Amino acid sequence: MEWEKRTPYLLRKHFGYKNLKCFQRRAIDAWAQHRDCFVLSASGSGKSLCYQLPALISNKVVIVISPLISLMHDQCMQLAAAGVSACFLGSGQPDHGVELRAMYGCYSLVYMCPESLPRLARGLQDLAQSKGIALFAVDEAHCVSKWGHDFRPEYGNLGTLRKDFTDIIWRGQKVRIPVMALTATATDRVRDDVLECLHLSNPTIVITSFNRPNLMFTVHHSKTTHPESYKADFEPVIRRYKRSGGGRRLPCQGLLSSRSKPPHKVPDLRPRQLQDNQPADEAAEIERATCVARAKCPEVAPLPGGNLDDDPEHIPMEFEETDDDVESYITQSTVGDIQDRKETQPSTSNTPDIEKAEERRGGDFEVQSRGYSGSKLRRLRRKFSVQRGGNRTKQRSRAGACIIYMPTRTETVNLTNYFRRRGVKCMAYHSQLPKEHLKQVHELFQSDRLQVVIATIAFGMGINKPNITHVIHYGWPQSLEDYYQESGRAGRDGALSHCQLFVDMTTLPTLLASFRNKHETILARNMLAQCHRYAIRTDICRTQMLMEYFNEKLPQKCQLCDVCISGPPKEEDLTQEAIQMMKAIKHSNRGRGRNFKEAVKSIRHEGTKRTTRLWWRGFVRILLEHGYLKDTTTEKTFAAESKHSRTSPYLKFLMPTSKGLRLLRSKKCKLKFHPQGDMIVAMQMNEETNKNSPKESRRTSPVQHSKRKTKRKQNSR
Ligand SMILES: Nc1ncnc2c1ncn2[C@@H]1O[C@H](COP(=O)(O)OP(=O)(O)OP(=O)(O)O)[C@@H](O)[C@H]1O
C-alpha cells in the first residue's frame, strides 16, 4: 500500500516508534481507502496516532474534534515536541490570528471543540477545497451517546460532518473526507449510538482488547466517610511519597513567607543522592501557582495564623514543616465551601456535592497558547527533548505519580491538607478552583514536579502521563466506564501499576445530582449497580469482570487482582439460610412479593445467627443471581436495561421462583456459596459487636432475647 512506504520514516522521525500497532494500521488503512472508521481501543493504547499520522502522510490538514481545551492543549504540546505543527481553536484560543492561519492550512492538525464547528463551517469548506482536509477525527467519541458516561449534547451535531464533506472538489477531483470516531470506553449500545449519530456510512470497525494487562485492580472496604479512615487507608501512599522526597523544605516566597514559622533544626535524614538531585525551584513553582490562584480569587479568606502545627506529632522527623502547608489553606479558601479548619478529617457527609457532567467539563481550563509551527515549534522541541532525557525526571519519578479520585470537591481539599501535613507534595483539583490553579496542576504534574493530585472526576480525560503508578478511587464511582477510564491513566508506560478502589460496603452507591428523566435515572442506577457488583464480588477475577462489562471475554484470569492473588473466600454451606429466606417470603406472596426489610425482620424474630440486614442483602443477591428468588420491583425497572438485572443491590419486593420453591420441597439439596464482600464485612462487624457486648447477650436471637427479658421481669416481680 502506498501510504505504508512513508510510514516507517515518519514514525521514527516524529514519534520515535519503530512500527505501527496492528489496530493503528487497520484504522489508517481504512482512512487511506476513504472509509469512515470507528476505533475502540483501551486507554493508553495509542489511538491518537491513528489520526495524527494521516496528516503527515497526506500533507493535508486533520481536524480533530475534542471535548476539552486542556486535552487539546496537551496534545498540541506533545505534537510540538514531536515536531508536528498543531493548534487549537475556540474560546480558549486568545490569538485570533491562529484561526485565520488554521483556515489557510498552516497547521497539520487543528483541534476544536464541537461548539466551534457551526461557526467554522464556511472556513472548513474553503480549507477542504484549498489545502485539503485529510480526515475528521472525533476523539472521545463516547461523548456523542447519551448512553455514554460523558454525554455532551454538542457532540450530537457532529452528524453534519458526514453530510457536508462528502462531495468536496479538491484539485479538480471529487473527494469524500473520511470521519474517524475514537474512544476507549463504549459498550455495544454506546457504539451503535455513536455510529448512528455520526451517520458513519459502512464504517470499518476496529476494536481491540480493552484489557490492560499491567493494571492490578484491588477493592478494599473502608468507611470512607469516617474520620479514622484516611489514616488507615492512605498511610502506605504517604510513606511512599515521603520516602521519595515529597516533603522537603520549600523556599519562602512573597506573601506566604511572613506567615511561615522558622524551620525546626532537624537532621536531614534523606539519602544523599536524593537531596542532591532535588531542584529547589519546583516547590517554589507550586507555591507560585497557588499564589496566582489566590490573587485571582476574590473570596480568598485571610490565612489562618498559628495553626500550621496543630498536629505536631504528625510532622515527620526527617521533613521540616513546609510552606506547602500554607498553600493548602489557600487552596481551601479558594473553594469557598469549607467552613471550619478541621479539614484533616474526612467529610462526614456522604452526599456527593458535584454534578458529574458539569464537574468533568468544569475541570477544563483555558490556555494561553498560540499554534505551534516554524521556529517556535523547533524551540519547543528542543526544550522537551532536554526535559525528557534529563536525569532530574528519572530521579523524580522513581516512586511514580499518583491520582486520588474523591467523590466531592470538599473531600479533595480535605485530603490534600491531610497529605500536606504529613509532608507529601500534592495539590487539589476540582472544577471550582481557579482556572489558573488547574492549569498549573496539569503542568506541574505532567512535568513530574508534582507527585500526587487529589481530584474529582474533573481530572481525567487526556491525562497522558507515562509514569502514573497508582490511581485510587475513594468512594463509589458512578459507572464502570468512568472507573475504567480513570483507572486507565495508570501504567501508560507499560509498567505494573495499581488501581485501588476503596468503598464502604455497608452502604449502597448513590447517584450524583443531575437532571435526568425517568429512563435516564434507571440507566444511571443500573450503572451504579454494576459498580456495586464489581466491588462486592469475591469470586470473579476483577479484570475479567471489567472485560465482561465491555462485552469482552478474557479467557484467563489476570493473576494480578486481589481476587486472583488471595483467592475467593472459603465456600459456606448456606442451605439453612436459603430455606429461612424462602419461607419468610413465601407466606406473604400476594402477587408482588414481600418487602426485603420485613423478610429480614421476620427471620431475625425466628432466630438466626445472621442478624444483620447487610449480610442478608448480600445473600439475597446471591440467591437472585442463581435464580432462587426474583425481585419484582427491580426486575421491572432494570430488566430492559441490564443483562445483570437480577443482581441489582436495591432490593425491594422478593418472590421465590419455581427453582426456589423446589429447594423448599427438596430435603437433600445443599447450597454452597462464597460469601461476598458485604457479607464478610457484616460477619466481621457481628464478631466485633459480640466481643464488645456483655457475654449473656452474645449470639442471641431476638426471640431468645425477649424470652430472657420476660423471665427477668417475672423474677423481679
Ligand atoms: N506505534 C506505537 N509504538 C509504541 N508506542 C506507541 C505507539 N503508538 C502510541 N504509542 C504510545 O502509547 C501511549 C498512549 O498514546 P495515546 O495518548 O495516543 O493513547 P490513547 O489511546 O489516545 O489514550 P486515551 O484514550 O487514554 O486518551 C503514548 O505514550 C505513545 O507514546
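Residues numbered from 1 in each chain as written. Predicted model: local features only at pLDDT ≥ 70, side-chain atom pairs only at ≥ 80, totals over all residues. Heavy atoms only, no water.

An unreviewed UniProt entry annotates the protein as ATP-dependent DNA helicase of Ceratodon purpureus. The heading Subcellular location (unreviewed entry) in the UniProt record of the protein holds the text "Nucleus". Turning to the protein, the UniProt record has this under Sequence similarities (unreviewed entry): "Belongs to the helicase family. RecQ subfamily." (UniProt positions renumbered as here; feature names shortened; annotations may be inferred.)

Student: So what exactly am I meant to see when it comes to the overall build of the protein here?
Tutor: Within the protein, the regular secondary structure consists of 29 helices and 20 strands. Counting every position in the protein, which comprises 717 residues, the buried fraction comes to 59%. A fraction of 78% describes how many contacts in the protein between residues 6 or more apart in sequence connect residues 24 or more apart. Put simply, the protein shows about 31500 Å² of open surface, and 50% of that area lies on carbon and sulfur atoms. (Helix = DSSP H or I, 4+ residues; strand = E, 2+ residues; numbered from the N terminus. Buried < 20%, exposed > 50% of the residue type's maximum accessible area, 1.4 Å probe, protein only. Contact = heavy atoms within 4.5 Å. Areas by Shrake-Rupley, 256 points an atom, 1.4 Å probe, with all protein chains shown as cover.)

Student: Where do I start with the site of the ligand in this structure?
Tutor: Around the ligand there are 17 residues in total, and Y17, G44, K47, S48 and R492 lie nearest to it. Contacts to the ligand include S45, whose backbone N or O atom sits 3.3 Å from an oxygen atom. Contact between the ligand and G46: an oxygen atom at 3.0 Å from a main-chain N or O atom of the residue. For the ligand, the accessible surface in isolation is 640 Å², of which the surrounding protein chains cover 79%. Tallied by class, residues from the shell around the ligand come to 5 nonpolar, 8 polar and 4 charged. (Near = heavy atom within 4 Å. Polar contact = N/O pair within 3.5 Å; in protein donor to acceptor, adjacent residues only side chain to side chain. Nonpolar A, V, L, I, M, F, W, Y, C, P; charged D, E, K, R; others polar.)

Student: Honestly, the pairing of strand β2 (residues 61-65) in this entry has me stumped. Any pointers?
Tutor: In the case of a regular strand, side chains alternate between the two sheet surfaces. With 5 of 5 residues buried, β2 is to be regarded as a mostly interior element. On β2, burial covers both faces: V61, I63 and I65 on one face and V62 and V64 on the other are all buried. Note: β2 against strand β5 (residues 133-138), 5 bridges, orientation parallel. The residue of β5 that forms the bridge with V64 is A137. The sheet contact formed by β2 and strand β4 (residues 109-112) spans 4 bridges and is parallel. Bridge pairing links V64 to Y111 in β4. (Pairing = 2+ DSSP bridges.)

Student: Looking at this model, I keep getting lost on the sheet that holds strand β11 (residues 401-405). Mind explaining?
Tutor: By way of backbone hydrogen bonds, the strands of a sheet pair with one another, either parallel or antiparallel. Read across the sheet, 6 strands follow the order β10-β15-β14-β11-β13-β12 without closing on themselves; strand pairing throughout is parallel. Both outer strands of the open sheet, β10 (215-221) and β12 (426-429), are each paired with one neighbouring strand and no more. Within this sheet the neighbouring strands show an average axis-to-axis angle of 15°, counted without direction. Examined bridge by bridge, β10 and strand β15 (residues 497-503) share 7 bridges and lie parallel to one another. The residue bridging M216 from the neighbouring strand is H498, located in β15. (Axes fitted to C-alpha atoms, helices over the stretch in contact; angles between N-to-C directions.)

Student: Looking at this model, I keep getting lost on the nonpolar core. Mind explaining?
Tutor: Side chains that are nonpolar tend, in soluble globular proteins, to be buried together. The biggest cluster of nonpolar side chains holds 112 residues, and the ones touching the most others in it are I63, L124 and M581. With 8 residues, the top contributor of residues to this core is helix α25 (residues 613-625). With near-sequence residues (within four places) excluded, I63 lies in contact with V110, M112, L124, L127, I133, L135, F136 and A137. In terms of nonpolar packing, the next biggest core, distinct from the first, is built from 38 residues, Y51, L53, M180 and V206 among them. (Core = buried A, V, L, I, M, F, W, Y, C linked by side-chain atoms within 4.5 Å.)

Student: I'm lost on the pattern of salt bridges in this one. Help?
Tutor: Pairing is possible between side chains that carry opposite charge, provided their charged atoms lie close to one another. Here the structure, examined in full by the defined rule, presents 15 salt bridges. Where R119 meets E99, a salt bridge forms, and the shortest distance between an N and an O atom there is 2.9 Å. With R119 in helix α6 (residues 117-129) and E99 in helix α5 (residues 96-103), the pair connects residues that are 20 residues apart, well separated along the chain. Note that D562 is salt-bridged to R542, the shortest N-O span being 2.8 Å. One end of the pair, D562, is in helix α22 (residues 562-566); the other, R542, is in helix α21 (residues 542-549), with 20 residues separating them in the sequence. (Salt bridge = Lys/Arg side-chain N within 4 Å of Asp/Glu carboxyl O.)

Student: Looking at this structure, I do not really get the packing of helix α1 (residues 2-15) against helix α3 (residues 48-58). What am I missing?
Tutor: Two quantities define a packed helix pair, namely the angle between the helix axes and the distance between the axes. Here α1 crosses α3 at 110°, and the two axes come no closer than 10 Å. Taken as axis vectors, α1 and α3 run roughly perpendicular relative to one another. Seen from α1, the contacting residues are W3, R6, T7, L10, L11, H14 and F15; seen from α3, they are L49, Q52, L53, L56 and I57. Of the residues contributing to the contact of α1 with α3, the split by class is 8 nonpolar, 3 polar and 1 charged. (Parallel < 35°, antiparallel > 145°, perpendicular 65-115°, else oblique.)

Student: Before we go on, may I ask you to explain a positive patch on the surface in this structure?
Tutor: Taken together, the side chains of K583, K586, K659, R662, R665 and K667 define a basic patch exposed on the protein surface. Ranked by residue count, the leading element in the positive patch is helix α27 (residues 658-665), at 3 residues. Within the secondary structure, K586 sits in helix α23 (residues 575-586). Since its relative accessible area comes to 38%, K586 is described here as partly exposed. (Patch = residues over 30% accessible without salt bridge, like charges linked within 9 Å, V, L, I, M, F, W, Y side chains within 5 Å. Lys, Arg positive; Asp, Glu negative; His and termini not counted. Charge placed at Lys NZ, Arg CZ, Asp CG, Glu CD.)

Student: Looking at this structure, I do not really get the packing of aromatic side chains. What am I missing?
Tutor: What describes a pair of aromatic rings is the distance from one ring centre to the other and the angle between the planes of the rings. For the coordinates displayed, the defined rule picks out 21 aromatic pairs. When the centroid spacing of 5.4 Å and the interplanar angle of 65° are considered together, the rings of Y230 and Y418 count as edge-to-face. One end of the pair, Y230, is in helix α9 (residues 229-243); the other, Y418, is in helix α17 (residues 409-421), and 188 residues separate them in sequence. The class for Y230 is buried, based on a relative accessible area of 0%. Between Y483 and Y534, the aromatic rings sit 5.6 Å apart at their centres with planes inclined by 50°, giving tilted as the arrangement. Note that Y483 is positioned in helix α19 (residues 480-487) and Y534 in helix α20 (residues 518-536), a separation of 51 residues in sequence. Taking the relative accessible area as the measure of exposure, Y534 reaches 1% and is therefore buried. Taken together, the ring pairs connect F210, F217, Y483, Y484, Y534, Y549 and F550 into an aromatic cluster. When the ring centre of W170 is taken as reference, the NZ or CZ atom of K60 above it lies at 4.0 Å. (Phe/Tyr/Trp six-rings, centres within 6.5 Å; stacked < 30°, edge-to-face > 60°. Lys NZ or Arg CZ within 6 Å of the ring centre and 35° of its normal.)

Student: Sorry, what's going on with the sheet that holds strand β8 (residues 179-183) here?
Tutor: On the basis of which strands lie adjacent, the open sheet formed by 7 strands has the order β3-β4-β2-β5-β8-β1-β9 and parallel pairing. Of all the strands in the sheet, just β3 (86-89) and β9 (204-207) have a single pairing partner and so form its edges. Taking each pair of neighbouring strands and ignoring which way they run, the sheet shows an average axis angle of 20°.

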